[in-house]
Amino acid sequence: MTNKENQQEPEQSNSTKLVVEFLNLDEKDHQHALFNGKNYFTAKSYCYNKSSLYVKNHDLFLAICEYDVADLMEHFSSIYVDTITHDGVSLDFKIRTYKGETRVSIVFPVNLEDWKQPWSVNEYFGEYQKELLSNGEYEVSCDVIDYLEDTNEPFYDLYNGIGITKTLTDPKVNFKDIYQKMLSDSLAIDSAAIGNLSRSNSIERCIEFPPQYQQAGIGILSYFSSYLSQQYPNSSARVKIEQNGTSVRMIIEAEDGTLETVEKALHEYEMIVTGKQRPEDFISDGFALLEVKNELRIAKTRIESLQDLRGLQDSRIEQLMDIIKLGLSREQNLVIDFKPEISVTNNVTINQDISDIISSICELKAEVKNNDQLENDLSSIENTLSQLESETDPAVIRRSPVMPKLKRFLLQVSDKDSDLNTSINSIKSGVSMCQELFGKYNKLAEWCALPVIPSIFVK
């Protein structure tokens, strides 16, 4: 028996037959309604055009919980409930009948500006979709911005929330029962997705260094790869350092069974570079010990040199180590600003990402010869992105038509049978430049909770 066959809707209820009378309000096309002679509405809740019911107060929600979905949908084509909370988080519950089919959905909001998980919203959404497929009873409920022309792949707007939806095979079920079942199932899917991500075999840390600490900080982070291979030669892990402006990201990819070892090594390294423990406490090899101490001396020298050159008074090795400590020990991406005390926020600066994409497009456009169509396409994307270059709100960028347009352009570049692919291949270093553009698009898309391009295309 499949999951879908094994999962059943709540049993049919014997709730009271519903009689609805509408009361016109002063506002045009707005009404309140009597449910079996009683008015449970407040000023916030209303009916629209005697068809759509908007439930915005708790007493009205409790009242409709007494009735079958089928009875309610005899009087309303749709019911929207946004007065429900779970663990302090508001959620949207909706039932809608269209062409004889009754659909029900429940959606949890996604707060991109205050996202505190160690994985991105896109990574979470990917695991959420996998769990939905495994569950078999539901489909994903999420707003769609657009569809890709070639594949008809939906372009989801994660900003407005992620949830589940399905068709009721028999709407003669109690409203409260179907709500409670869907809430329970959606929480189980969410928990499974988070569990899968928590078992991921990678560690990612992102630190934004003030300019006076950048080179020294990158040097210390980069040396972790040497420390890991010397202390744990069987760990089989890859360490990558990515730099974008003042933001530095360290990604550690471990093979199955070695993640715990990598986490242990990272904690040791944190203790060493922050001075909490001596290198000798972990390192027995004399040559490796000298290398670590030398790396710390180099970092100190870099900071002192910059202090002399720029006249900086607040640049000290201890402050750099405090920044690194925060970056390595926290299980989330950090942006650390030094003024000179340290503060930690989750604000994302995306202006540099847009500028980087524009620079890559301009570089590619400069190499285009005798191809007006390609030059016009690149100019159109460049001009639209330039209008967003000072924008810091991910929601504005996510809703801009330039993002799906840029993604369609890049996917056409990757299609070996397309004219665009032929044009790019005729340009010197065209493929390499486009691969870099793929990576820059993905970085911006990830922060804005948009679909990324498969990594096989990214340089």
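As the structure is a computational prediction, the values presented were derived from the model and not from experiment. Sequence positions are assigned chain by chain, starting from 1 and proceeding in written order. Under the rules for a predicted model, residues below a pLDDT of 70 receive no local features and side-chain atom pairs below 80 are neither given nor counted, while totals for whole chains, interfaces and linings still include all residues. Side-chain numbers come from the whole structure's heavy atoms, not from hydrogens or water.

**Q** Would you mind going over the UniProt feature "coiled-coil region" (unreviewed entry) in the chain with me for this structure?
**A** In the numbering adopted here, UniProt assigns the feature "coiled-coil region" (unreviewed entry) to residues 364-391. Numbering of helices and strands starts at the N terminus; helices are DSSP runs of H or I of at least 4 residues and strands are runs of E of at least 2. Structurally, residues 364-391 is divided into 64% helix and 0% strand, and its ends, taken at the C-alpha atoms, are 24 Å apart. UniProt positions are given in the numbering used here, feature names are shortened, and annotations may be inferred rather than shown by experiment.

**Q** When you look at the side chain of Ser 105 in this model, what are you seeing that I'm missing?
**A** If you trace the backbone, Ser 105 turns up in strand 8 (residues 101-108). Not counting residues within four places of it along the chain, the set of residues in contact with Ser 105 comprises Asp 92, Phe 93, Lys 94, Ser 141, Ile 164, Thr 165 and Met 182. We call two residues contacting when some pair of their heavy atoms lies within 4.5 Å.

**Q** I tried to follow helix 15 (residues 430-447) on my own but got confused; where do I start?
**A** Within an α-helix, residues lying three or four positions from one another point in the same direction, as the helix has 3.6 residues per turn. Taking 1.5 Å of rise per residue, the 18 residues of helix 15 would be expected to cover 26 Å, and the 26 Å separating its terminal C-alpha atoms lies within 8% of that figure. The cut-offs for exposure are 20% and 50% of the maximum accessible area for each residue type, with area from a 1.4 Å probe on protein chains only; residues under the lower value are buried, those over the upper are exposed, and the others partly exposed. Within helix 15, the full set of buried residues consists of Gly 430, Met 433, Cys 434, Leu 437, Phe 438, Tyr 441, Asn 442, Leu 444 and Ala 445. Each residue after the first adds 1.5 Å to the expected span of a helix.

**Q** Explain helix 4 (residues 121-135) here, please?
**A** Taking 1.5 Å as the rise per residue, helix 4 with 15 residues should run 21 Å; its terminal C-alpha atoms sit 21 Å apart, in good agreement. For helix 4, every residue scored as buried is listed here: Val 121, Asn 122, Tyr 124, Phe 125, Glu 127, Tyr 128, Glu 131, Leu 132 and Asn 135. Immediately beyond the C-terminal end of helix 4, within one or two residues, lies Gly 136, with a positive phi of roughly 85 degrees.

**Q** Help me understand the pairing of strand 8 in this model?
**A** Consecutive residues of a regular strand have side chains that alternate between opposite faces of the sheet. Within strand 8, six of the eight residues are buried, which leaves the element mostly enclosed by the surrounding structure. Between strand 7 (residues 89-98) and strand 8, which follow one another and run antiparallel, lie two residues, and Lys 99 among them has a positive phi close to 55 degrees. In short, DSSP must find at least two bridges between two strands for them to pair. Sheet topology places strand 8 next to strand 12 (residues 162-167); six bridges connect them, and they run antiparallel. Counted as the bridge partner of Val 104 is Lys 166 from strand 12.

**Q** Honestly, the packing of aromatic side chains in this entry has me stumped. Any pointers?
**A** Aromatic rings in a pair are described by how distant their centres are and how their planes are angled relative to each other. A pair of Phe, Tyr and Trp rings is counted when the ring centres sit within 6.5 Å of each other, with Trp represented by its six-membered ring. The angle between the planes then sorts it: under 30 degrees is stacked, over 60 is edge-to-face, the rest tilted. In the structure shown here, the tally under the stated rule is 14 aromatic pairs. Between Phe 22 and Phe 76, the aromatic rings sit 6.0 Å apart at their centres with planes inclined by 80 degrees, giving edge-to-face as the arrangement. Of this pair, Phe 22 sits in strand 1 (residues 20-24) while Phe 76 sits in the loop between helix 3 (69-73) and strand 6 (78-86); the two residues are 54 residues apart in sequence, bridging distant segments of the chain. The structure contains a cluster of three or more aromatic residues connected by ring pairs, namely Phe 22, Phe 35, Phe 41, Tyr 67 and Phe 76.

**Q** In this structure, what is going on with the pattern of salt bridges? I would like to understand it.
**A** As a working rule, side chains carrying opposite charge can pair if their charged atoms are close by. Throughout this description, the term salt bridge denotes a Lys or Arg side-chain nitrogen within 4 Å of a carboxyl oxygen of Asp or Glu. Per the stated rule, a full pass over the model turns up twelve salt bridges. The salt bridge involving Lys 181 is made with Asp 185; its shortest N-O contact spans 2.9 Å. Taken together, the residues span about one helical turn, with Lys 181 and Asp 185 both in helix 5 (residues 175-198) at a distance of four residues. Taking relative accessible area as the criterion, Asp 185 reaches 15% and is therefore assigned buried. Look at the salt bridges and you will find they share partners, linking Glu 137, Lys 166, Lys 181 and Asp 185 into a network.

**Q** Would you take a moment to explain unusual backbone geometry for this structure?
**A** Excluding glycine, most residues fall at negative phi; most peptide bonds, likewise, are trans. Although it is not a glycine, Asp 29 sits at a positive phi angle of roughly 65 degrees. Looking at where Asp 29 falls in the secondary structure, it is placed in the loop between strand 1 and strand 2 (30-35). Within the chain, Lys 99 stands out as a residue other than glycine whose phi angle is a positive 55 degrees. Relative to the helices and strands, Lys 99 is located in the loop between strand 7 and strand 8. By relative accessible area, which is 74% here, Lys 99 ends up exposed.

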